[in-house]
Amino acid sequence: MLILFLGGMVFFCAERPVFGQDHLPPPPASFVSAATPAPTPDLTTRVADLEAYVLNSPRASDRSGYQGPPSILSNTPGPGHNAWLLMSSLLVLFMTLPGLALFYGGLVRKKNVLSVLAQCLGIVGLVTLLWWSIGYSLVFGKGFSVSHPFIGQFLGGTEFAFLRNVTSAPNTDYSYWVSQNVFCMFQLMFAIITPALIIGAIAERMKYGTIMAFVILWMFVVYFPVAHMVWGATGYMNGIANPAAKVAAIDFAGGTVVHMTSGWTALILAYLLGPRLGFGREKMAPHSMVLCMIGTSVLWVGWYGFNAGSAYGADIIASNTFLTTTLAAAVASFSWACIETFLKRKTSVLGYCSGAVAGLVAITPACGFVSSTGAVILGVLAGVIPFLAVEKLKSWLGIDDALDTFGIHAVGGTLGMFFTGVLADPNVNANLSKSAVGTPPNAATTNGLGDAILHHTLWLTQLEALGITVLVAVIASFLIGWILKVVMGLRCAPEIERAGLDIAEHGEEGYIL
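This one's a predicted model, so the numbers in the text were calculated from it and none came from an experiment. (Residues numbered from 1 in each chain as written. Predicted model: local features only at pLDDT ≥ 70, side-chain atom pairs only at ≥ 80, totals over all residues. Heavy atoms only, no water.)

Caption draft 1: View of the environment of L423. Looking at the element boundaries, L423 is found in helix α13 (residues 405–423). Along the backbone, L423 and R281 are 142 residues apart, and their C-alpha atoms lie at a distance of 43 Å. (Helix = DSSP H or I, 4+ residues; strand = E, 2+ residues; numbered from the N terminus.)

Caption draft 2: Seen up close, helix α11 (residues 349–363). Taking 1.5 Å as the rise per residue, α11 with 15 residues should run 21 Å; its terminal C-alpha atoms sit 21 Å apart, in good agreement. By the criterion of burial, α11 is predominantly enclosed, with 12 of the 15 residues buried. At its buried positions, α11 is contacted by α3 (79–107), α8 (255–273), α9 (289–308), α10 (316–344), α12 (372–397) and α13. (Expected span 1.5 Å × (residues − 1). Buried < 20%, exposed > 50% of the residue type's maximum accessible area, 1.4 Å probe, protein only. Contact = heavy atoms within 4.5 Å.)

Caption draft 3: Main features of the pattern of salt bridges. Within this structure, the stated rule accounts for 10 salt bridges. Here D173 makes a salt bridge to K142, at a shortest N to O gap of 3.1 Å. Taken together, the residues D173 in the loop between α5 (144–147) and α6 (180–202) and K142 in the loop between α4 (113–140) and α5 connect sequence positions 31 residues apart. Residue K434 is joined to D451 by a salt bridge in which the shortest nitrogen-to-oxygen separation is 3.1 Å. Of this pair, K434 sits in the loop between α13 and α14 (443–447) while D451 is found in helix α15 (residues 449–454), placing the two residues 17 residues apart along the sequence. For K434, a relative accessible area of 41% translates into the label partly exposed. On the basis of relative accessible area, D451 is assigned to the partly exposed category, the value being 30%. Put simply, R109, E204, R205, R276 and D400 are held in one network by salt bridges that share partners. (Salt bridge = Lys/Arg side-chain N within 4 Å of Asp/Glu carboxyl O.)

Caption draft 4: Here's a closer look at the packing of α3 against α6. Between α3 and α6, the least distance of the axes is 9 Å, while the angle of their chain directions is 15°. As summarised for this structure, α3 and α6 are arranged roughly parallel, according to the angle between their axes. Note that α3 runs across α6; the crossing there is left-handed. Of the residues in α6, those touching α3 at N82, L85, L86, S88, S89, V92, L93, M95, T96, L100 and Y104 are V182, M185, F186, M189, F190, I192, I193, A196, L197, I199 and G200. By residue class, the composition of the contact of α3 with α6 is 17 nonpolar, 5 polar and no charged. (Axes fitted to C-alpha atoms, helices over the stretch in contact; angles between N-to-C directions. Parallel < 35°, antiparallel > 145°, perpendicular 65-115°, else oblique. Left-handed = near helix turned anticlockwise from the far one by under 90°. Nonpolar A, V, L, I, M, F, W, Y, C, P; charged D, E, K, R; others polar.)

Caption draft 5: Looking closely at the nonpolar core. F103, W131, M219, Y223 and F306 are the most contacted members of the largest nonpolar core, which has 137 residues in total. Counting residues per element, this core draws most heavily on helix α7 (residues 208–231), at 16 residues. The contacts of Y223, once residues within four sequence positions are left out, are W131, Q187, F190, A191, T194, W218, W231 and V257. (Core = buried A, V, L, I, M, F, W, Y, C linked by side-chain atoms within 4.5 Å.)

Caption draft 6: Spatial organisation of the side chain of T321. Examined against the element boundaries, T321 turns out to sit in helix α10. Not counting chain neighbours up to four residues away, the residues in contact with T321 comprise F252, N307, A308, C367 and G368.

Caption draft 7: Spotlight on unusual backbone geometry. Looking along the chain, the bond that leaves L97 and enters P98 is cis, with omega of 10°. Phi at N56 takes a positive value of approximately 55°, unusual for a residue other than glycine. Within the secondary structure, N56 sits in the loop between α2 (43–55) and α3. When its relative accessible area of 14% is taken as the criterion, N56 is described as buried. Despite not being glycine, Y312 has its phi angle at roughly 60°, a positive value. Structurally, Y312 is set in the loop between α9 and α10.

Caption draft 8: Summary view of the layout of surface pockets. There is about 1800 Å³ of room inside the largest pocket. Along its surface, the largest pocket is lined by 50 residues, and P58, Y176, I240, A241 and N431 are the ones closest to its centre. Among the secondary structure elements, those contributing two or more residues to the lining of the largest pocket are α2, α7, α10 and α14. If one sorts the elements of the lining of the largest pocket by residue count, α14 sits on top with 3 residues. Its residues assigned to classes, the lining of the largest pocket comprises 28 nonpolar, 15 polar and 7 charged. (1 Å grid on protein atoms, 1.4 Å probe; cavity = no way out; pocket = protein on both sides within 12 Å on 5 of 7 lines; lining within 4 Å. Points joined across faces, edges and corners; volume = space filled by probe spheres on them.)

So this is what it looks like as structure tokens:
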């Protein structure tokens, strides 16, 4: 199915002659007049460009209506900002391989450890193909906003299909100083880890082939549309960058796009699959808390690329994001452990690990918008609310969320998105404020975000974004899951589940004793 899809995309998106002004053949040499030498950039322009680079802001030539001397740095990435995004891309991939694989691998029983690793590896390859072929274009293109303006609010376009025209020059719709190919790879790592998070809810019982089929469909129906709505230049819910956003919400690094979509999908899949054989009767303790602890540590370190990298440069916002990420994770980890100690009279390593991840999830949408105090508040809340979701809500719902994907990612991401609207501080991020009088209006001035910040009503807008995200994830995931259940079957056979997925589905064992 994937091969047929890619073949069709190659045919559909292959370069064809376009008869427009930008694609006319050059005139004969006899008709070309003597070339006029391009004016040399003056010292003022050069200094202004250097200042723009240091501040991670647009060059003078990047501003609409600019008619001054040309810039030497036009279409040129800034080395420092580019280097930070390169490193951040590596860190975010490091979160999946090996971070998430080890974290989830340690939490399952030893007969299923390789199934988790195989699922993570498979998702990396599959999503990379989808991203290269059309995914990046559907999220960060904007062709549909011209040809089909309504659709352009929910999907980008096809202009970057097969990464055509994605070069080392910056795409100034997203970053003035980062190469578009680097930006593309950074965003790919988010697209990879999001479906991989879902594995935690369906671990130890879902067919490998069905998981891969689900991911293909889910990326097109859930991830690509939500990512464009929240982060795309013409996105429906991109309050920071889209002046025409209908819902001027803010999500710095993926509270909706990554954690809510995966977490709420996890709930639906756990419901459709049903509990593991022996759930509630047999002991299903993690087989290696050592692997879980190592995986948590890798996730925490990688999360700095995830959050601080989302500033798209090594600037003051990235610095604040690094600070808030650290505070929220550490405080949530300690808060979870304190509650556990109070209620159970024991402090577990699993509690520390779960709290750290919950704190990282909750701070993700807020990290570039809140102060250090806001991060501590979110850290405390992330240590308490997801703890209650894991310990109480899961049993009330009667689901087998095997590795607590719903309790941590859905609940934590929803919590973080809502309190981003409460705690966002324009003194931390100037993009939240309306433009000064007499200066060109920014997105926040035009779409109402600045007014929402001023009147403390942003939390209402965040609720709108939360509702849209939950509806898309829940409805689409249920339909995809139900169709695959009918067509392919979701669960492994009972004898395979009892013996373990490693041998039956992958022909290997994680441990040879």
